[in-house]
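An overview of the molecular structure
One letter stands for each residue in the lines below.
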Amino acid sequence: MSYDDNNIFAKILRGEIPCNKIYEDNFILSFYDINPQKKIHALVIPKGKYIDLDHFSMNASTEEIVGLLKGINKVAKKLEISADTGKGYRALANISDYGGQEVPHLHFHLFGGEKVGKMVE
Ligand code: AMP
């Protein structure tokens, strides 16, 4: 599978579709999910053209990998849900078909602002 330049997050990155931006730097863009599942539901996406976490892990530069991980922490701090606030959150990436991924541009969901519960009840 090759990267689809017409996926919705690619369009957001190109500024063709608006988003409710939280944070941006050289490596990542973060914005609120359009259909929030928890009080806080943010998305963090790398700026590079990566389909999913496996594609990213295999192909991204060390700089990009560090940029994404540090970016998640920066967003969590900005939203005041990072671990050092005593609150915390869930970071989750759906990967490909069985993982339930809908948008084929790597994204981490950050769920927080309330107790998010167990993954599997
Ligand atoms: P996933 O199922 O992991 O691929 O998640 C895709 C997420 O993208 C869903 O939670 C959608 O609500 C969200 N989403 C889709 N379109 C937009 C958009 N234009 N702006 C913000 N979030 C979006």
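Residues numbered from 1 in each chain as written. Predicted model: local features only at pLDDT ≥ 70, side-chain atom pairs only at ≥ 80, totals over all residues. Heavy atoms only, no water.

1. Topic: the environment of Gly 48
For the record, the criterion: Strands here mean DSSP runs of E at least two residues long; helices mean DSSP runs of H or I at least four residues long; both are numbered from the N terminus. Exposure is judged per residue with a 1.4 Å probe applied to protein chains only, and the accessible area is read against the type maximum: over 50% gives exposed, under 20% gives buried, and values in between give partly exposed.
Tracing the chain through its elements places Gly 48 in the loop between β3 (40-46) and α2 (53-59). Its relative accessible area of 17% is what places Gly 48 among the buried residues. Along the sequence, Gly 48 and Glu 102 sit 54 residues apart, while their C-alpha atoms lie 18 Å from each other.

2. Focus on the packing of aromatic side chains
Rules: Stacked, tilted and edge-to-face are the three classes applied to pairs of Phe, Tyr and Trp rings, where Trp contributes its six-membered ring and a pair requires centres within 6.5 Å; stacked means planes under 30 degrees apart, edge-to-face means over 60, and tilted covers the rest.
Applying the stated criterion across every chain, the model contains 2 aromatic pairs. Ring geometry for Phe 9 versus Phe 31: centroids 5.5 Å apart, planes at 75 degrees, classification edge-to-face. Taken together, the residues Phe 9 in helix α1 (residues 8-13) and Phe 31 in strand β2 (residues 28-32) connect sequence positions 22 residues apart. With centroids separated by 5.1 Å and ring planes inclined at 85 degrees, the aromatic side chains of Tyr 50 and Phe 56 adopt a geometry described as edge-to-face.

3. Here's the deal with the environment of Ile 65
The condition that has to hold: By definition in these notes, contact holds between two residues if any of their heavy atoms fall within 4.5 Å.
Structurally, Ile 65 can be placed in helix α3 (residues 62-78). Between the C-alpha atom of Ile 65 and that of Pro 46, which follows or precedes it by 19 residues, the distance is 8.8 Å. Setting aside its immediate chain neighbours within four residues, Ile 65 contacts Phe 56, Ser 57 and Ala 60.

Distances and angles like these do not, on their own, reveal function.
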